[in-house]
Amino acid sequence: MNAADFIRSLRAASFSPFMGVPCSVFSTLIHHLAAAAETEHYICTSEGEAMGLAAGFALSGRLPVVYMQNDGFGNAVNPLSSLQLLYRLPALLLISWRGEPGQKDAPQHRVMGDVLQALLEQLHVAHLVLEKGNAALCQALTKAQEHCRTAATPFAFIIPKNFFAPEQKTTSPIDEKFAPRLAYINLLAEMADPRDILLGATGFSGRELQQYTDHRGRFYMMGSMGCLPALGLGLASQHPKRTVFVLDGDGALLMKMGSLATVGHYQPKNLVHVLFDNQAYESTGGQPSTAAGIDFCAVARACGYPAQEQVTTTAQFKKLLSTLAHAAKPLFVHVRIRKGTPAGLPRPEQTPEQMRDALMTFLD
Ligand SMILES: Cc1ncc(C[n+]2csc(CCOP(=O)(O)OP(=O)(O)O)c2C)c(N)n1
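Reading guide: rules and limits
- Residues numbered from 1 in each chain as written.
- Predicted model: local features only at pLDDT ≥ 70, side-chain atom pairs only at ≥ 80, totals over all residues.
- Heavy atoms only, no water.
- Salt bridge = Lys/Arg side-chain N within 4 Å of Asp/Glu carboxyl O.
- Helix = DSSP H or I, 4+ residues; strand = E, 2+ residues; numbered from the N terminus.
- Buried < 20%, exposed > 50% of the residue type's maximum accessible area, 1.4 Å probe, protein only.
- Expected span 1.5 Å × (residues − 1).
- Bend = angle between axes of the 7 residues up to and from the residue.
- Contact = heavy atoms within 4.5 Å.
- Domains from an automatic or database assignment.
- Buried area = accessible area lost by both parts, 1.4 Å probe.
- Polar contact = N/O pair within 3.5 Å; in protein donor to acceptor, adjacent residues only side chain to side chain.
- Nonpolar A, V, L, I, M, F, W, Y, C, P; charged D, E, K, R; others polar.
- Near = heavy atom within 4 Å.

### Some remarks on the pattern of salt bridges
Then comes step 1: If you walk through the whole model with that rule in mind, you get 10 salt bridges.
Then comes step 2: E176 is paired through a salt bridge with R338; the nearest N and O atoms lie 3.3 Å apart. You can see E176 sitting in the loop between β6 (155-160) and α7 (181-191) and its partner R338 sitting in the loop between β14 (331-336) and α14 (352-363), a full 162 residues away along the chain.
Then comes step 3: Take E176: its relative accessible area is 58%, and that puts it in the exposed class.

Written out as C-alpha cells, the structure is:
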C-alpha cells in the first residue's frame, strides 16, 4: 500500500492529526507524515503519552490517529483503559503486528505478537487486521468511523509487516562532525575492566555491543525500551565492586526519562550512564526524535547525578575512560554521535535465555 495514499484516505475520512512512536513497519508512513506540510504530526516520547495527546484532540472534537509498535501497545494500555475507554474518547489506533505467528521476527516480539488480538478483545477494543489495497482500506475506515461515532471509543487497525510499499530512501546527510556509535563502543569494550558490566539498549547500541565486541560482561536488552537505566541500577546495587555501563539511546531515554530521577535518587557509586545521542530513532528508520536542543547533562544534574560529561570526540571519551576510577558517580556521559551503523549489522544468534545465562555465569 502506498503510504501517501493511505494518509490521504485517512484524512478524507476525517481522521487526523497523527501522533505516535516509530516502528519500522511505519517508516514510509512517518516519512510522508513528516514531509507533508498540511499534515499535523507529533512524534511522541512514549505510546502512553501519545494516547494522552490523542485524548486532548478528541476532547476538542477531532478524530486523532495514534501509530505504535505492538511492543508499545503495552505502554498505551494504561491511558487506553483509564482515559479513552473511561471517558469515551475516540481515536484510530494503527498497531504494527511484529511477531505475527508464523512470520519470522526478532525474539522480543514473540509474546506480544501472539497475544495482541486477544488483548484487544479483553479490553473490548474493536479492531481488524488491515488488508492491503484501497478497497479494503475504504471498508475498514467506514467501520472505524461508524464505531468512533456510535461507541465513541478507539478502533484499532492491526498492520502486518510489509504493509506499506518500500520506497527509495532519502538519506539524510551524515553529520561528519561526530564519530559513529561503534567507535565509542569498541573503545569502551577495550578499555573497560574485564569485571565490568556493559549493558546495551534496544536499538543499535545493544546490537552493536552484542555483535562487535567480546567483552564477557556484555548484555543486550533487546526489548523493554527505556528500561535499561533501571536494569543497570538493579545490577549495580548487587555488584558494588563492578562498574556498570548503561549504553542508552536518546529515544529510549526520552521514553522513560523518569529513570534519571530514580538513578539520581539512589546514587549508585558504580554506575556510568552513557547516552548515545543521534537525535533519531535510527533502528526504526531514522525518524528524528525530540532530543535536539535538550541539554541532557543539565537534566541529569537536576535529577541528582553528581557528575556529567559532554563528549563529542573519541579522544575525549578515551581520556574520560582512563580517569574513570576517580570520577564521581553515578556519572552521566552525553555522547553526540552521527547516525550510521555497519551495513548488514546482523541480529544476534544467541537466544535471550543464552544471553541471560552468559551474564549470570559471568557474574557468579
Ligand atoms: C515500547 C516500544 N516502543 C517502540 C519500540 C520500537 N523501537 C525499537 S528501537 C526504537 C528506536 C530507539 O531509538 P534510540 O533509543 O534513539 O536508539 P537508536 O535506534 O537510535 O539506536 C524504537 C522506537 C519498542 N521496541 N518498544
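### So, helix α5 (residues 110-122)
Then comes step 1: Here α5 spans 19 Å end to end across 13 residues, near enough to the 18 Å set by a 1.5 Å rise per residue.
Then comes step 2: Roughly 50° is the biggest bend found in α5, and it falls at L116.
Then comes step 3: Those residues of α5 that sit buried are M112, G113, L116 and L120.
Then comes step 4: Contacts made by the buried residues of α5 are with α4 (70-87), β4 (92-97), β5 (126-129) and β6.
Then comes step 5: Positive backbone phi, at 60°, marks H124, one or two positions downstream of α5.

### A look at the domain arrangement of the chain
Then comes step 1: We note that the domain assignment places domain 1 (3-160) and domain 2 (181-363) within the chain.
Then comes step 2: Centre-to-centre separation of domain 1 and domain 2, based on C-alpha positions: 31 Å.
Then comes step 3: Surface buried jointly by domain 1 and domain 2 totals about 1,200 Å² across both partners, of which 61% is contributed by carbon and sulfur atoms.
Then comes step 4: The three residues of domain 1 that bury the most area against domain 2 are I43, T45 and Q108, which together make up 39% of that side's buried surface.
Then comes step 5: For the pair domain 1 and domain 2, the interface holds 0 salt bridges.
Then comes step 6: Linking domain 1 with domain 2 are 2 residue pairs in polar contact (both at pLDDT 80 or more), by the criterion used here.
Then comes step 7: Looking at the side of domain 1 that touches domain 2 residue by residue, the class counts come to 8 nonpolar, 6 polar and 2 charged.

### Focus on the site of the ligand
Then comes step 1: The environment of the ligand is made up of 21 residues, and the closest members are E47, F204, G251, A252 and S283.
Then comes step 2: At a separation of 3.2 Å, a nitrogen atom of the ligand approaches a polar side-chain atom of Q69.
Then comes step 3: Within the contact set of the ligand, an oxygen atom lies 2.9 Å away from a backbone nitrogen or oxygen of A280.
Then comes step 4: The set of elements that each furnish at least two residues to the shell around the ligand consists of α4, α10 (250-255) and β11 (280-281).
Then comes step 5: With 4 residues, the single largest contributor to the shell around the ligand is α10.

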